[in-house]
Amino acid sequence: MVVYRRTGSDEIDSSAPTSTGHRGYGLGVEITLHLGDITQDAQADAIVNAANESLLGGGGVDGAIHRAAGPGLLEECRALGGCLTGEAKITGAHRLPVARIIHTVGPIWRGGGHGEPGLLDSCHRRSVQLAAEHGCARVSFPAISTGVFGYPVELAAPVAIRAVREAMVEHPSVVEVRFCLFEQPAYEAFAAALRTDTATERP
Ligand code: AR6
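Residues numbered from 1 in each chain as written. Predicted model: local features only at pLDDT ≥ 70, side-chain atom pairs only at ≥ 80, totals over all residues.

Turning to the overall build of the protein chain, a few remarks are in order. A tally of helices and strands in the protein chain yields 5 helices and 7 strands. N-terminal to C-terminal, the α/β element order of the protein chain is β-β-β-α-α-β-β-α-β-α-β-α. When each of the 203 residues of the protein chain is scored for burial, the buried share is 46%. Here the contacts in the protein chain between residues at least 6 apart in sequence split such that 66% fall between residues at least 24 apart. (Helix = DSSP H or I, 4+ residues; strand = E, 2+ residues; numbered from the N terminus. Buried ≥ 20, exposed ≤ 12 C-beta atoms within 10 Å, placed from the backbone. Contact = placed C-beta atoms within 7 Å.)

Structure below.
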């Protein structure tokens, strides 16, 4: 699934070996894009779950993560007492091939005028912060809020990319954020946002 490989300049190297849209920002900040099932991502130290405030499971990526992790995850989540929208909590990964799962709750899209971008931004920042606090250098995110919660992916992608880029600068022990997109349109929206972010990053 090589789409392109992008570095700090406008260079495009389509010979990238394994997957991905890619952007290296220098200072150890790297954002990569992948198409596929996040529960299969064994390259990350932590994966992020798009949960709801109960943290007791649901559909979409949340359901897939709980199924793949096994019942021990639900047991651990029960003890967390839920999670506010825009916040994040961390658990073990149980049967998943990573070290940790970070559960975050994205906003439900209500037209965009109800604080949705700020809450989505916060989900990403808090997740990167938790990863740093728990020694996870590589973190894989799904496209939070863009499924059941209805956030248009074209609007979510630039918020997500900017938030993780800034959070990685703040937490330099996190060296890679991977976006693991399940569907081609989401992948394309994130690839477009990554290109746009090139322009906004320079003073
Ligand atoms: N790997 C990667 N991405 C996935 C996977 C997967 N296995 N499965 C789905 N996606 P959603 P939300 C994509 O609905 O919008 C749950 O019921 C999906 O295509 O999972 O934040 C929770 O319990 C979409 O692009 O999360 C909450 O109640 C993206 O993941 C609610 O849904 C997010 O879609 C959260 O809704």
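Now that the structure has been shown, we can carry on.
What surrounds the ligand is a group of 25 residues, the closest being A50, N52, G58, G60 and G147. Those elements that place two or more of their residues in the shell around the ligand are β3 (46–51) and α1 (60–69). Each residue belonging to the shell around the ligand can be placed in one class, and the counts come to 13 nonpolar, 9 polar and 3 charged. (Near = placed C-beta within 6 Å. Nonpolar A, V, L, I, M, F, W, Y, C, P; charged D, E, K, R; others polar.)

Most of strand β4 (residues 88–92) is tucked away, with 4 of its 5 residues classed as buried. Judged from the 5 bridges that link them, β4 and strand β5 (residues 100–105) form a sheet pairing that is antiparallel. Paired with K89 across the two strands is H103, which belongs to β5. (Pairing = 2+ DSSP bridges.)

Turning next to the nonpolar core. A46, V139, A160, V164 and F190 are the most contacted members of the largest nonpolar core, which has 60 residues in total. For this core, the element with the most residues is helix α4 (residues 153–170), which contributes 10 residues. With residues up to four places along the chain from it excluded, the contact list for F190 reads L33, A157, I161, F179 and L181. (Core = buried A, V, L, I, M, F, W, Y, C linked by C-beta atoms within 7 Å.)

Attention shifts here to α1. Buried within α1 we find V61, D62, I65, H66 and A69. When α1 is viewed along its axis, its buried side chains cluster within an angular range of 135° and face the same direction. The inward-facing, buried residues of α1 contact β3, α2 (71–78) and β5. Directly after α1, the chain includes G70, whose backbone phi takes a positive value near 95°. (Arc of directions from axis to C-beta.)

What follows covers the environment of C77. Within the secondary structure, C77 sits in helix α2. Separated by 15 residues in sequence, C77 and G92 have C-alpha atoms that sit 9.7 Å apart. Setting aside its immediate chain neighbours within four residues, C77 contacts L55, L56 and T91.

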